[in-house]
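Chains, contacts and geometry: an overview
If you want the building blocks of each chain, they are given just below.
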Amino acid sequence: MSELIAIDDKEGRLAMRASIEGYQASLQKEVGSERGDMDEINAEGLQEFLVGGAYTRVLKIPAGHTIVSALWNRERLWIIISGTVRVRSELGDETFVGPEIRQAPFGSKIALYAETDVLWAAITGMPETDDVTKAEELTDCDGYECLTYPWDLLECKDE
């Protein structure tokens, strides 16, 4: 496991981001999908809930499967309800054994590999809506240029 990266470490986070993007390119070349098994897993058991301003996604990820998440533009919690999963985010590599709750890094995508069957939930705040499609549109981001990171704020302050 690599050392964890500070939230405001621009170079470290960008290096991890490049690693995840490289993994996506490899998945596209090898299995035909830059998201790995994500589409299959979503089709076979994604549960989505909209309750009181919270959007929750629950996934059953079978052992031996790998996925790359969408780029989320909101803070969120990860709840690994059960199982063991290796996660690469912009903040480094970690292995989680459920039950575990973590705050996900803002404005990032993750790559993960399920060592065992994993039950995973992601929760984020959401304007009131009862439309799951709208919730997905509000959480996903088309590209990193749409987001403001801690180093962007510091760079603007120096100008």
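Residues numbered from 1 in each chain as written. Predicted model: local features only at pLDDT ≥ 70, side-chain atom pairs only at ≥ 80, totals over all residues. Heavy atoms only, no water.

Here the focus is the overall build of the protein chain. The secondary structure content of the protein chain amounts to four helices and nine strands. Helices and strands appear in the protein chain in the N-to-C order α-α-β-β-β-β-β-β-β-β-β-α-α. Counting over 159 residues, the protein chain shows a buried share of 40%. A fraction of 74% describes how many contacts in the protein chain between residues 6 or more apart in sequence connect residues 24 or more apart. (Helix = DSSP H or I, 4+ residues; strand = E, 2+ residues; numbered from the N terminus. Buried < 20%, exposed > 50% of the residue type's maximum accessible area, 1.4 Å probe, protein only. Contact = heavy atoms within 4.5 Å.)

For the structure on display, the rule yields two aromatic pairs. On the numbers, 5.5 Å between centres and 50 degrees between planes, the contact of Trp 78 with Trp 120 is tilted. Here Trp 78 is found in strand E4 (residues 77-82), whereas its partner Trp 120 is found in strand E9 (residues 118-125), with 42 residues between them in sequence. For the residue pair Trp 78 and Trp 120, the accessibility class agrees, reading buried in each case. In textbook terms, an aromatic cluster arises when at least three aromatic residues are bridged by ring pairs, as seen for Trp 78, Phe 96 and Trp 120. (Phe/Tyr/Trp six-rings, centres within 6.5 Å; stacked < 30°, edge-to-face > 60°.)

Under the defined criterion, the tally for this structure stands at eight salt bridges. Across the salt bridge formed by Glu 90 and Arg 13, the nearest N and O atoms sit 2.8 Å from each other. Of the two residues, Glu 90 sits in the loop between strand E5 (84-89) and strand E6 (92-97) while Arg 13 sits in helix H1 (residues 10-31), which places them 77 residues apart along the sequence. For Arg 13, a relative accessible area of 1% puts it in the buried group. Between Arg 88 and Asp 93 there is a salt bridge whose closest N-O contact spans 2.5 Å. Asp 93 gets classed as buried once you look at its relative accessible area, which sits at 17%. It is possible to trace a salt-bridge network through shared partners that takes in Arg 13, Arg 17 and Glu 90. (Salt bridge = Lys/Arg side-chain N within 4 Å of Asp/Glu carboxyl O.)

Sheet architecture is open: four strands sit in the order E3-E8-E5-E6, paired in antiparallel fashion. The two strands at the open ends of the sheet, each matched to only one other strand, are strand E3 (66-68) and E6. The average undirected angle you get between the axes of adjacent strands in this sheet is 15 degrees. Bridge analysis of E5 against strand E8 (residues 111-114) gives four bridges, and the strand direction is antiparallel. The partner of Arg 86 across the bridge, within E8, is Tyr 113. Against the sheet, H1 contacts E3, E5, E6 and E8, and its axis sits at roughly 120 degrees relative to E3. (Pairing = 2+ DSSP bridges. Axes fitted to C-alpha atoms, helices over the stretch in contact; angles between N-to-C directions.)

To continue, consider the sheet that holds strand E1 (residues 47-51). Taken together, five strands build an open sheet; the order of strands is E1-E2-E9-E4-E7 and the sheet is antiparallel. Only two strands of the sheet have a single neighbouring strand rather than two, namely E1 and strand E7 (100-103). Strand-to-strand twist in this sheet, taken as the mean axis angle between neighbours without regard to direction, amounts to 15 degrees. As paired elements, E4 and E7 share four bridges and run antiparallel to each other. Directly across from Ile 80, in E7, lies its bridge partner Glu 100. Along the sheet face, helix H2 (residues 38-45) touches E1 and strand E2 (54-61) and points at about 105 degrees away from the line of E2.

A separate point is the pairing of E1. Direction of pairing for E1 relative to E2: antiparallel, over a ladder of five bridges. Each residue of the ladder has a partner; that of Glu 48, found in E2, is Arg 57. What sits between the antiparallel neighbours E1 and E2 is a turn of two residues, in which Gly 52 has the positive phi angle 50 degrees.

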